[in-house]
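Observations on the model geometry
Read off the chains here:
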Amino acid sequence: TPDSWLPRDSRLIRLTGVHPFNVEAPLSDLYNEGFLTSPELFYVRNHGPVPQVRDEDIPDWEFTVEGLVERPITIKLKELMSEYEQITCPVTLVCAGNRRKEQNVVRKTKGFSWGAAGVSNALWTGVAMGEVLKRAGLKRGAKYICMEGADKLPNGYYGTSVKLNWALDPNRGMMLAYKQNGEMLRPDHGKPLRCIIPGQIGGRSVKWLKRLIVTAAPSDNWYHIYDNRVLPTTVSPEESANNQAWWMDERYAIYDLSTNSATAYPAHEEQLCLVGAPETYKVQGYAYGGGGRRVTRVEITLDKGKTWKLANIDYPEDKYRDAGPVMLYGGKLDMEWRESSFSWCFWNLNIAVDELKDASDILVRAMDESMNVQPRDMYWSVLGMMNNPWFRVTIAKEG
Ligand code: MTE
C-alpha cells in the first residue's frame with residue numbers, strides 16, 4: 001500500500017481496512033494517557049496516501065498565501081519558524097465522525113464506524129494564522145480562508161475553508177503548526193505543516209499544508225462540499241446522491257464542535273463485579289465543548305434521565321496555567337488565549353455500588369457555558385456527523 005513506508009502503533013484500531021489509514025485507540029488506552037495524547041495513540045483521519053517528506057526537506061517546505069491579498073507570498077517553513085512569533089497551545093482535535101458507530105447501528109450512514117476515541121489532545125506549536133495573513137495584507141471583499149493540502153486524492157487535493165474573521169481573531173486560536181507535543185509533526189498528523197483550528201471539527205484542520213487562498217466565497221474544493229456536512233435528517237442516501245442541491249448549500253457545513261462526552265470507565269458492556277467490591281465505583285470519562293466554550297457541568301443518570309447526579313470536572317490545563325509556563329513532553333506550554341478553552345476536560349463520580357447494582361445502564365451528558373447541552377435523542381444524517389446524544393454504557397453484572 002502507498003503508506004507501507006510508515007511505522008504505526010499496533011494498539012490502534014483500524015476502521016477502514018488497510019488503506020487509507022483511519023484509526024482510533026482503544027478508549028481506555030486513550031483515556032489512561034490523560035490530558036495530552038501521545039502521537040502514537042492520537043487518532044488519524046486520512047483521506048488518502050500520506051505525503052512523504054524527508055527530514056532534510058522540512059526547512060524548504062513551501063506554502064503560498066494567495067487570492068484576495070495585497071502581496072501574494074510563498075513562505076518556507078524555515079522562515080515561518082524564524083520570522084514570526086512562535087506560540088504553543090493545547091488543542092483537542094475531534095473528527096466530526098466521532099461516535100458515528102452508534103448512528104450506523106440505528107441506520108447506515110455513508111461514513112465508517114468511529115467509536116468514541118475519534119478525539120485526541122496535544123500541545124501544538126506554530127504561528128498564529130492571523131500573523132501570516134497580516135503579512136500578505138487583505139483586500140476588500142475577503143471573507144474566507146481556503147486551505148489546501150499536499151495529499152492527492154481521487155477528487156483533487158484535500159481542501160476546505162473557514163470564515164476569515166475567525167482566522168484573524170486571536171481568541172479563536174487558529175494556527176499553522178509544525179510541532180506536536182514538542183516534537184516535529186509525524187507523517188500521519190501533517191508533517192511538516194498543518195492548520196490547527198481549535199474548537200472546530202478536525203476536518204477543517206488541513207494537514208500537509210500547501211496553499212492558503214483568501215476568497216470572497218467558501219471553498220469549492222470537492223471535500224469541502226461533499227464532506228463535513230450535516231444534511232437534514234429527512235435526506236436519505238439516495239436523495240443525497242440524486243439531488244446535488246443538498247450538498248451545495250453552505251448552511252449545512254459544520255464548523256464548531258457540538259458539546260459531547262463519553263464514559264471510559266466502565267467500558268460499554270463491561271461486566272462489573274460488584275460483589276465483594278469496594279463500596280463505590282468511580283465512573284469516569286471525557287467531555288468537550290465547541291468553539292472554545294467550556295464544559296460547565298457533566299451529569300449522570302442511572303434511571304434514563306428521571307434523576308441526575310452532578311459529576312466532578314477536571315480541567316488539567318488550569319493547573320498548568322497557574323503554574324506558569326511548564327514543560328510537557330519537551331514542549332513549553334505558553335498559553336496565548338487565557339479566556340478560551342480549546343481542550344477537553346475529564347469528569348468522574350463515585351457511585352455507590354448498591355445503586356449501580358440496581359441500574360442497567362449509565363447515561364452521561366455535558367453542558368457548555370452557553371448552555372448547549374447534549375440531546376437525549378440522536379440526530380441521524382446521511383454522513384453521520386456530530387453525533388452527541390447522551391452517551392450510554394450498559395452494565396453487565398456478575399453475581
Ligand atoms: N488534511 C488533509 N490534507 N487530508 C486529510 O485527509 N483529514 C481531515 C483533517 N485534515 C485530512 C486533513 C480530517 S477529516 C480530520 S478529522 C483531521 O485532519 C484529522 O487529523 P489527525 O489525523 O491528525 O488526527
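In this report, we go over the structure that sits alongside the text. As the structure is a prediction and not an experimental result, all values here were calculated from the model. (Residues numbered from 1 in each chain as written. Predicted model: local features only at pLDDT ≥ 70, side-chain atom pairs only at ≥ 80, totals over all residues. Heavy atoms only, no water.)

The subject of this paragraph is the nonpolar core. In terms of nonpolar packing, the biggest core is built from 63 residues, with Tyr286, Val298, Ile300, Trp344, Trp347, Leu356 and Ile362 touching the most fellow members. Once residues lying within four places of it in the same chain are set aside, the contact partners of Tyr286 are Leu27, Tyr31, Asn98, Ala116, Val119, Ser261, Ala262, Trp344, Cys345, Phe346 and Trp347. Core analysis: the next-biggest nonpolar cluster, separate from the first, contains 37 residues, Tyr84, Ile145, Leu209 and Ala253 among them. (Core = buried A, V, L, I, M, F, W, Y, C linked by side-chain atoms within 4.5 Å. Buried < 20%, exposed > 50% of the residue type's maximum accessible area, 1.4 Å probe, protein only. Contact = heavy atoms within 4.5 Å.)

In this structure, the largest pocket occupies an estimated 730 Å³ of space. Taken together, 31 residues make up the lining of the largest pocket; nearest its centre are Lys101, Glu102, His268, Phe391 and Arg392. Of the residues that constitute the lining of the largest pocket, the class distribution is 18 nonpolar, five polar and eight charged. By volume, the second largest pocket is sized at about 610 Å³. Forming the walls of the second largest pocket are 35 residues, and the residues nearest its centre are Arg45, Asn46, His47, Tyr158 and Asp227. Top contributing element to the lining of the second largest pocket by residue count: helix α6 (residues 222-226), with three residues. Across the lining of the second largest pocket, the residue classes break down as 17 nonpolar, eleven polar and seven charged. (1 Å grid on protein atoms, 1.4 Å probe; cavity = no way out; pocket = protein on both sides within 12 Å on 5 of 7 lines; lining within 4 Å. Points joined across faces, edges and corners; volume = space filled by probe spheres on them. Nonpolar A, V, L, I, M, F, W, Y, C, P; charged D, E, K, R; others polar. Helix = DSSP H or I, 4+ residues; strand = E, 2+ residues; numbered from the N terminus.)

Under the definition given, this model contains 16 aromatic pairs. With centroids separated by 5.7 Å and ring planes inclined at 85°, the aromatic side chains of Phe42 and Trp124 adopt a geometry described as edge-to-face. Here Phe42, found in the loop between α1 (27-33) and β3 (44-45), pairs with Trp124, found in strand β7 (residues 119-128); they are 82 residues apart in sequence, far enough to count as distant. The two residues Phe42 and Trp124 agree in class, both being buried. A network of ring pairs unites the aromatic residues Tyr31, Tyr265, Tyr286, Tyr288, Trp344 and Phe346 as a single cluster. For the cation-ring pair, Arg204 lies above Tyr255, with the distance from its terminal atom to the ring centre recorded as 4.5 Å. (Phe/Tyr/Trp six-rings, centres within 6.5 Å; stacked < 30°, edge-to-face > 60°. Lys NZ or Arg CZ within 6 Å of the ring centre and 35° of its normal.)

Quick look at the pairing of strand β16 (residues 280-288) now. Counting buried positions along β16 gives seven out of nine residues, so the element sits mostly inside the fold. By the bridge criterion, five bridges tie strand β14 (residues 260-265) to β16 in an arrangement that is antiparallel. Paired with Ala262 across the bridge in β16 is Tyr286. (Pairing = 2+ DSSP bridges.)

Pairing is mixed across the open sheet formed by five strands, whose spatial order is β5-β4-β13-β8-β9. Both outer strands of the open sheet, β5 (73-76) and β9 (156-163), are each paired with one neighbouring strand and no more. For this sheet, the mean angle separating the axes of adjacent strands, direction not counted, is 20°. Direction of pairing for strand β8 (residues 144-153) relative to β9: antiparallel, over a ladder of seven bridges. Within the sheet, the bridge partner assigned to Tyr144 lies in β9 and is Lys163. Seen against the sheet, helix α4 (residues 129-136) touches β4 (62-67), β5, β8 and β13 (209-215) and runs at an angle of roughly 60° to β4. (Axes fitted to C-alpha atoms, helices over the stretch in contact; angles between N-to-C directions.)

Let us look at empty space enclosed by the protein. For the structure shown, the criterion picks out two cavities of 30 Å³ or more. Lining the largest cavity we find 14 residues, and of these Tyr288, Gly289, Ser341, Phe342 and Ser343 sit closest to its centre. Val94, Cys95, Ala96, Asn98, Leu257, Ser258, Asn260, Tyr288, Met386 and Asn387 together form the lining of the second largest cavity. For the lining of the second largest cavity, a count of residues per class yields six nonpolar, four polar and no charged.

The next subject is the sheet that holds strand β23 (residues 361-368). Across the sheet, four strands lie side by side as β18-β17-β23-β24; this open sheet has antiparallel pairing. Either end of the sheet is taken by a strand with one partner, and the two such strands are β18 (309-310) and β24 (391-394). Strand direction decides the pairing type here: strand β17 (residues 295-301) and β18, joined by two bridges, are antiparallel. Of the residues in β18, the one forming a bridge with Ile300 is Lys309.

Pairs can form between side chains of opposite charge once their charged atoms are near each other. Using the criterion set out here, one finds 29 salt bridges in the structure. Lys76 is the partner of Glu62 in a salt bridge, and the nearest nitrogen-oxygen pair spans 2.8 Å. Separated by 14 residues along the polypeptide, Glu62 in strand β4 and Lys76 in strand β5 bring together distant segments of the chain. Of the charged contacts in the structure, one is a salt bridge between Glu250 and Arg229, with a shortest N-O distance of 3.2 Å. Of the two residues, Glu250 sits in the loop between α8 (245-248) and β14 while Arg229 sits in the loop between α6 and α7 (237-242), which places them 21 residues apart along the sequence. For Glu250, a relative accessible area of 24% corresponds to the partly exposed category. (Salt bridge = Lys/Arg side-chain N within 4 Å of Asp/Glu carboxyl O.)

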